[in-house]
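# Descriptive analysis of the structure
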Amino acid sequence: GSTNRVSIGDNTGSPGATLEVKNNASAGAFGVPLVQLNSRDTDEVAVDINASNIDANVIDVAAAALTSDKALYINHDDTATTAVTPTTVHIDFDKSGVTADGVESVYTALDIDMNDAATNHANSTVGMAGLDIEIASEDEDAQGTIMSVGAMIVVTGADVNNGLEITTT
């Protein structure tokens, strides 16, 4: 009330955010997802985040206790019976607003940072993949060809471009 914060669920103290939703592992509302959004409006965005963040992450997922599943899982189960051309994940990083002469910009659209500094790997095999691409395609086109691309890199529009650069140190 006095701090303009609202808590839903099992919180017994002051809410830690403007809107806090909290559940308990074994009492109250448990055994179900914490939050579920069901959008039935087929031509509108389901979740729209407009952030003015400059010095903080817009979305922060902390899953330190995760041992056997995924911190972020996107399932695009295409059950359409007609030809479709969806894009499951699209990252659009548009830097076209910088027009001043002498402006030097360095930016990264996708940064995969992995660090396994653990010392408890004695007598074990450690496998790490910064990027794991797995494609299974069994459907053939009209000519009997299976059309799959594991990784496609297209770089255009500048004097010097590296489609793929691998540096080892």
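What comes next concerns the included structure. (Residues numbered from 1 in each chain as written. Predicted model: local features only at pLDDT ≥ 70, side-chain atom pairs only at ≥ 80, totals over all residues. Heavy atoms only, no water.)

## Remarks on the overall build of the protein chain
Helix and strand counts for the protein chain stand at 0 helices and 2 strands. When the 169 residues of the protein chain are sorted by exposure, 2% land in the buried category. When contacts within the protein chain are restricted to residue pairs at least 6 apart in sequence, those whose partners lie at least 24 apart make up 0%. Of the accessible surface of the protein chain, which amounts to about 16,200 Å², a share of 48% is contributed by carbon and sulfur atoms. (Helix = DSSP H or I, 4+ residues; strand = E, 2+ residues; numbered from the N terminus. Buried < 20%, exposed > 50% of the residue type's maximum accessible area, 1.4 Å probe, protein only. Contact = heavy atoms within 4.5 Å. Areas by Shrake-Rupley, 256 points an atom, 1.4 Å probe, with all protein chains shown as cover.)

## Re the pattern of salt bridges
One pass over the full model with this rule turns up 1 salt bridge. Linking Lys-70 and Asp-69 is a salt bridge whose minimum nitrogen-to-oxygen distance equals 3.7 Å. An identical accessibility class is assigned to Lys-70 and Asp-69; each is exposed. (Salt bridge = Lys/Arg side-chain N within 4 Å of Asp/Glu carboxyl O.)

## Focus: the side chain of Glu-20
Tracing the backbone shows Glu-20 in strand S2 (residues 19–22). Lys-22 is the oppositely charged side chain nearest to the buried, salt-bridge-free Glu-20, at an N-O distance of 5.1 Å. A distance of 2.4 Å separates a polar atom in the side chain of Glu-20 from a polar atom in the side chain of Asn-11. Within the structure, Glu-20 has its side chain in polar contact with the backbone nitrogen of Gly-16 (distance 3.3 Å). If sequence neighbours within four positions are ignored, Glu-20 has contacts with Val-6, Ser-7, Ile-8, Asn-11 and Pro-15. (Lys, Arg positive; Asp, Glu negative; His and termini not counted. Polar contact = N/O pair within 3.5 Å; in protein donor to acceptor, adjacent residues only side chain to side chain.)

## A look at the side chain of Asn-11
Here Asn-11 shows up in the loop between strand S1 (6–9) and S2. For Asn-11, the side chain forms a polar contact with the side chain of Ser-7, separated by 3.3 Å. Among the polar contacts listed, one links the side chain of Asn-11 to the backbone nitrogen of Gly-13, at a separation of 3.1 Å. Dropping the residues within four chain positions of it, Asn-11 is found in contact with Glu-20 and Lys-22.

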